[in-house]
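What follows is the residue order along each chain.
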Amino acid sequence: MVLTSEQVPQTDAQTLKSKHKKQRQRNRPRNKRNRQEDSQPTTQETSVNVAASAMPGNAVDAVATEKTRDQIMAEREAKKLAKQAKKHKTAPTPTAATPAVLTTPAAPATKIITEVEQTTITTKLTTTTTTKVQDAVASTTTQPAAVIGKDVEAGEKTREQIKAEREARKAAKKVCKGGGAKVEGTTQQLADLKVAEKAPVAASAAPSTTEADQEKKKPALSKAERRAIQEAQRAAKAQVQTKKDQPAAKAPPSAAPKEPKLKSVSPTKAATSSSPGKCPANTPNVDCRVKLFNHLVCAKEDSQFINDPLVHPSIARLGVQYAKRTVVGSNARCIAFLHALRQVVHDFETPAKKEFGRSLDAAVKHHVDHLHKCRPLAVSVSNAYKQFKNQLTQLPADVPETELKELLVHFIDTYIENQIGKAAQAISGFLQEKITDGDVLLTFACSSLIQFICEEAKRRQVAFRVIVVDSRPGCEGQELLRRLHATGIPCTYVLINAVGYVMAEATKVLLGAHALLANGYVMARTGTAQVALVANAHNVPVLVCCETHKFSERFQTDAIVYNELSDPNQLVRGDKCQLSNWAAKGKLLPLNLSYDITPPELVSAVVTEVAILPCTSVPVILRIKPDIGY
């Protein structure tokens, strides 16, 4: 086949482009997407070959869709010539001009028909024309798609490519309809279209190739090179650190002891030390803390709560008593809070243009927050505060301020009388039927309700005795022992480590409670659960005496989720104690928990002012309590 002057530079450009394309394909990683892109040109070539073989050259060729033997032989000879040309790298001969056309993406159809021309001269013009038309259509459809798929990746064709595609299709239709008369004109038009197409395609492919070359110019660093870069960075950091340390070394010796203080006061450590649940401020080692109890509130110094101008003096005094543990016990703390609240209500003055109820509510909330900072509020105090807030919302609006204050003071007095005083009498009445002559009552720590029950039984002249079990560091049982001995009740005092020896003598175990939780668990002084466990092992009934104003809606099954940390210095007995100067011994922190949790399986019954109930009836009491007036 003889190449025209217009087709020679076109095939050279195609061969150069195919070389670049193969080089890019070799450099790209062989993932699934690239394999599919590389396989697309081959599928297009095979489709063009099939279409070229199916185009009508005559009546016989229109029926036959398979390749003839001559075409297969021509393909083989063309492949052999192409291999020889690559090996010898010589200039192509006129017979080898056909393999040069093979380098283009859409040239295999032209190659097949040109080889057939040597054998079938009669169908030369028609077959060449149809294959050129198909070559133009295939090039216009494949080349823009390839360029767009690699450069733009958006799947949209430019306006010029769409026009070129349409013109190629029109020319192919004209060739099919007009026959061989207009073959040369249409061939020239298609050649012009190819040249016009390749110009924008080459222009658009140029920046992509330059970008690909720039990416190739950035070689991936090897492991040794990366390691060398890291070592260089470390050396630079070390030099900066030595420069910073040199002025510190030149400092006078008097400033040397200040370095550990600066190191200890870091932002992160300061934040951790200021959060609740940490060890006391006098502890020099910040890491010395029990991580399991970090969320709990630790005992605080009382000096930071004095002289607050926004706090009433009675509340400030009560806060100091809370912090110093001068006022202890659930009922005692509740009564002290209500008395201080009554004084706040009596001395309160409504601001100008303000409502009495809302302004008093805001003031009381500030005072309660102050008490909570001194020490976490007891369940009894929280319930009393809720009842007081509920009463504030029910105050009438058209009543003078003095009468409103009288209503609130009367509510406070009634609450103390009913919820604490009369409730204790009702509980004592239920238990007097259970206490008989010869009973040995065992109790733990100090409970005002247990004291009232024992004194009432003494007035009834029941012959019984009491075993008081106590534990360090509070030793609250000594106060109960003093009060019972003053009334003439025979008592025995033991520490909790001897409870197993005296439990065999006991007939009943009476325990107080800090709160009764909604799931039936009893929250009381630390050591109550151990006493109940020993009593259960000896088959001694355990009766928990608790008023309904101590019932809580909180669920809890362990003493870790919610508890209170007391001062760890209380565990130090003296200078000769091993825990003395514990703060300077490194990672040592005495743990002093205030409360523990007793499961309902260890409690026989709960004695309330309503009735003697099982622990599981707490939700029922919480539900009916507003209706019965308690």
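These remarks concern the structure in this document. (Residues numbered from 1 in each chain as written. Predicted model: local features only at pLDDT ≥ 70, side-chain atom pairs only at ≥ 80, totals over all residues. Heavy atoms only, no water.)

1. Some details on the overall build of the chain
Scanning the chain from terminus to terminus reveals 22 helices and 10 strands. Within the chain, the proportion of its 630 residues that are buried is 39%. Across the chain, every contact between residues at least 6 apart in sequence was considered, and the portion connecting residues at least 24 apart equals 76%. Roughly 36,300 Å² of accessible area belongs to the chain as shown, and the carbon and sulfur atoms make up 56% of that amount. (Helix = DSSP H or I, 4+ residues; strand = E, 2+ residues; numbered from the N terminus. Buried < 20%, exposed > 50% of the residue type's maximum accessible area, 1.4 Å probe, protein only. Contact = heavy atoms within 4.5 Å. Areas by Shrake-Rupley, 256 points an atom, 1.4 Å probe, with all protein chains shown as cover.)

2. Some points on the sheet that holds strand E6 (residues 522-525)
Strand pairing in a sheet takes place through backbone hydrogen bonds and is either antiparallel or parallel in direction. As summarised here, the arrangement of the 3 strands in space is E5-E6-E8, forming an open sheet in which the pairing is antiparallel. Strands with a single pairing partner mark the edges of an open sheet, and in this sheet they are strand E5 (515-516) and strand E8 (595-598). Bridge count for E6 against E8 is 4 bridges, and the pairing is antiparallel. Within E8, the residue paired with Val522 across the bridge is Thr598. Sheet strands touched by helix H21 (residues 528-537): E6 and E8. Its angle to E8, the strand with the most contacts, is close to 30°. (Pairing = 2+ DSSP bridges. Axes fitted to C-alpha atoms, helices over the stretch in contact; angles between N-to-C directions.)

3. A few points about the pairing of strand E1 (residues 439-444)
Burial analysis of E1 places 6 of its 6 residues in the buried class, which makes it a mostly covered element. Here E1 shows no split at all, with Asp439, Leu441 and Thr443 on one side and Val440, Leu442 and Phe444 on the other all buried. Here E1 pairs with strand E2 (residues 464-470) via 6 bridges, running parallel. Bridging across to E2, Asp439 finds its partner in Phe464. In this fold, the crossover linking E1 to E2 by way of helix H18 (residues 448-459) has right-handed handedness. In this sheet, strand E4 (residues 508-511) lies alongside E1 in parallel orientation, the contact comprising 3 bridges. (Right-handed = clockwise from strand over helix to strand, strands pointing away.)

4. Considerations on the packing of aromatic side chains
Counted under the stated rule, the structure contains 2 aromatic pairs. Geometrically, the ring pair formed by Phe348 and Phe356 is edge-to-face, given 5.9 Å between the ring centres and 65° between the ring planes. An identical accessibility class is assigned to Phe348 and Phe356; each is buried. With 6.2 Å between their ring centres and 45° between their planes, Phe411 and Tyr415 make a pair best called tilted. Here Phe411 and its partner Tyr415 are both found in helix H17 (residues 401-432), 4 residues apart, which amounts to about one turn of the helix. Stacked on the ring of Tyr322, the Lys or Arg Arg333 has its end atom at 5.4 Å from the ring centre. One Lys or Arg, Arg554, reaches over the ring of Tyr562 and ends 4.2 Å from the middle of that ring. (Phe/Tyr/Trp six-rings, centres within 6.5 Å; stacked < 30°, edge-to-face > 60°. Lys NZ or Arg CZ within 6 Å of the ring centre and 35° of its normal.)

5. Brief notes about the side chain of Ser552
With respect to the secondary-structure elements, Ser552 resides in the loop between strand E7 (542-545) and E8. On the accessibility criterion, Ser552 (8% relative accessible area) is buried. Setting aside chain neighbours within four positions, we find Ser552 in contact with Val379, Leu516, Leu517, Ala518 and Leu622.

6. What about the environment of Val606?
Within the fold, Val606 resides in strand E9 (residues 605-607). Judged by its relative accessible area of 2%, Val606 is buried. Distance from Val606 to Leu516, taken between C-alpha atoms, is 9.3 Å for residues 90 residues apart in sequence. Apart from residues no more than four positions distant in its own chain, Val606 is found in contact with Leu516, Val544, Cys546, Ala611, Ile612, Leu613 and Cys615.

7. Side note on the packing of helix H14 (residues 330-347) against helix H15 (residues 356-374)
Contact geometry for H14 and H15: axes closest at 11 Å, N-to-C directions at 145°. Pair H14 / H15 crosses with right-handed handedness. Residues Phe337, Leu341, Val344 and Val345 of H14 touch H15, and the partners they reach there are Leu360, Val364, His367, Val368 and Leu371. Looking at the contact of H14 with H15 residue by residue, the class counts come to 8 nonpolar, 1 polar and no charged. (Left-handed = near helix turned anticlockwise from the far one by under 90°. Nonpolar A, V, L, I, M, F, W, Y, C, P; charged D, E, K, R; others polar.)

8. Remarks on H14
Given a rise of 1.5 Å per residue, 18 residues ought to cover 26 Å, and the 26 Å separating the end C-alpha atoms of H14 matches this to within 8%. Looking at H14, one finds that the buried residues are Ser330, Asn331, Arg333, Cys334, Phe337, Leu338, Ala340, Leu341, Val344 and Val345. Residues of H14 that are buried make contact with helix H13 (313-323), H15, helix H16 (379-393), H17, H18 and E8. (Expected span 1.5 Å × (residues − 1).)

9. Here we look at the pattern of salt bridges
Under the definition given, this model contains 15 salt bridges. Between Lys422 and Glu417 there is a salt bridge, with the nearest N and O atoms lying 3.9 Å from each other. Here Lys422 falls in the partly exposed class, since its relative accessible area comes to 46%. Relative accessible area serves as the criterion here: at 43%, Glu417 is assigned to the partly exposed category. With a closest N to O distance of 3.2 Å, Lys550 and Glu547 form a salt bridge. You can call Lys550 buried: its relative accessible area is 5%. (Salt bridge = Lys/Arg side-chain N within 4 Å of Asp/Glu carboxyl O.)

10. Describing the state of the cysteines
The full count for this structure, using the stated rule, is 0 disulfides. No disulfide involves Cys615; its sulfur sits 9.8 Å from that of Cys546, the nearest cysteine. (Disulfide = S-S within 2.5 Å.)

11. Concerning the nonpolar core
By size, the foremost hydrophobic cluster in this structure holds 35 residues, and its most contacted members are Phe337, Leu338, Leu360, Phe388 and Leu408. With sequence-adjacent residues up to four places away left out, Leu338 is seen in contact with Ala384, Ile412, Tyr415 and Ile416. (Core = buried A, V, L, I, M, F, W, Y, C linked by side-chain atoms within 4.5 Å.)

12. Things to note about the packing of H13 against H15
Any two packed helices are characterised by the angle at which their axes cross and by the distance between the axes. Remark: H13 packs on H15, axes separated minimally by 8 Å, with the N-to-C direction vectors making an angle of 20°. Regarding the angle of H13 to H15, the classification is roughly parallel. By crossing handedness, the relation of H13 to H15 is classed as right-handed. Of H15, the residues touching H13 (which contributes Ile315, Ala316, Leu318, Gly319, Tyr322 and Ala323) are His367, His370, Leu371 and Cys374. (Parallel < 35°, antiparallel > 145°, perpendicular 65-115°, else oblique.)

13. Some details on the sheet that holds strand E10 (residues 612-613)
Taking strand neighbours across the sheet as the criterion, the 7 strands line up as E3-E2-E1-E4-E7-E9-E10 in an open arrangement whose pairing is mixed. Of all strands in the sheet, those with a lone pairing partner are strand E3 (491-495) and E10, marking the two edges. Across 2 bridges, the pairing between E9 and E10 is antiparallel. Looking at the pairing, Val607 lines up with Ile612 of E10. Those strands touched by H21 are E1, E4 and E7, and its axis lies near 165° from that of E4.

14. Some thoughts on a positive patch on the surface
Together, Arg159, Lys163, Arg166, Lys170, Lys173 and Lys174 line one region of the surface with positive charge. In this fold, Lys174 is placed in helix H8 (residues 159-178). The exposed category is assigned to Lys174, whose relative accessible area is 57%. (Patch = residues over 30% accessible without salt bridge, like charges linked within 9 Å, V, L, I, M, F, W, Y side chains within 5 Å. Lys, Arg positive; Asp, Glu negative; His and termini not counted. Charge placed at Lys NZ, Arg CZ, Asp CG, Glu CD.)

Nothing here speaks to function; it is geometry throughout.
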